[in-house]
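# Structural features, examined
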Amino acid sequence: MSHGGDTIFGKIIRREIPATIVYETESVLAFRDIAPQAPTHIVVIPKEPIVSLAHSTPEHRGVLGDLMLAVAEIARQEGLEDGGYRVVTNIGRHGGQTVFHLHLHLLGGRDLSWPPG
Ligand code: AMP
């Protein structure tokens, strides 16, 4: 685990390690999760290395909006809209965050239980 600075997602942004990229704009990148928890499991990240939602500030308003809109667009692209889907961001220890670069998980393709474990 690494806090702040560079993470494995930074390496994906810089194409230093491979990932199956499904969506990219100037501010956002999305790729398939390496350990999928649902038939469709995509990680959506800002290219700017914000540590977590808890580390976001009003300056990030634009990129946070870009992220949310990107998730909805990717869900359409992946054919998830009819069946529905879930968007999750894990924060810190209790949230189960393991990569300290803000990301949204897009999960779909099966019934998801609630509450999460
Ligand atoms: P979190 O536990 O919320 O921090 O989520 C981190 C996610 O990143 C996990 O679901 C991992 O499976 C995923 N992950 C870690 N390394 C990679 C990688 N190299 N490519 C794609 N997904 C990854």
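Just above, that's the structure.
Here is a short report on the structure shown in this document. Keep in mind that this is a model prediction, so the values were computed, not measured.

Criteria and thresholds
Residues numbered from 1 in each chain as written. Predicted model: local features only at pLDDT ≥ 70, side-chain atom pairs only at ≥ 80, totals over all residues. Heavy atoms only, no water. Phe/Tyr/Trp six-rings, centres within 6.5 Å; stacked < 30°, edge-to-face > 60°. Helix = DSSP H or I, 4+ residues; strand = E, 2+ residues; numbered from the N terminus. Buried < 20%, exposed > 50% of the residue type's maximum accessible area, 1.4 Å probe, protein only. Expected span 1.5 Å × (residues − 1). Arc of directions from axis to C-beta. Contact = heavy atoms within 4.5 Å.

## Digging into the packing of aromatic side chains
By the definition in use, this model includes one aromatic pair. Arranged with centres 5.3 Å apart and planes meeting at 70 degrees, the rings of F9 and F31 form a pair that is edge-to-face. Here F9, found in helix 1 (residues 8-13), pairs with F31, found in strand 2 (residues 28-32); they are 22 residues apart in sequence, far enough to count as distant. Look at F9 and you get buried, because its relative accessible area is 8%.

## So, helix 2 (residues 61-77)
For helix 2, which comprises 17 residues, the first-to-last C-alpha distance of 24 Å matches the rise-based estimate of 24 Å (1.5 Å per residue) to within 8%. Listed as buried for helix 2 are V63, L67, A70, V71, I74 and A75. Across the axial projection of helix 2, the buried residues extend over an arc of 130 degrees, all falling on one side. Residues R61, M68 and L69 are exposed on helix 2 and point more than 90 degrees away from its buried face. The elements touched by buried residues of helix 2 are strand 1 (21-24), strand 2, strand 3 (40-46), strand 4 (85-88) and strand 5 (104-108).

Everything listed here is a matter of geometry and, on its own, says nothing about what the molecule does.
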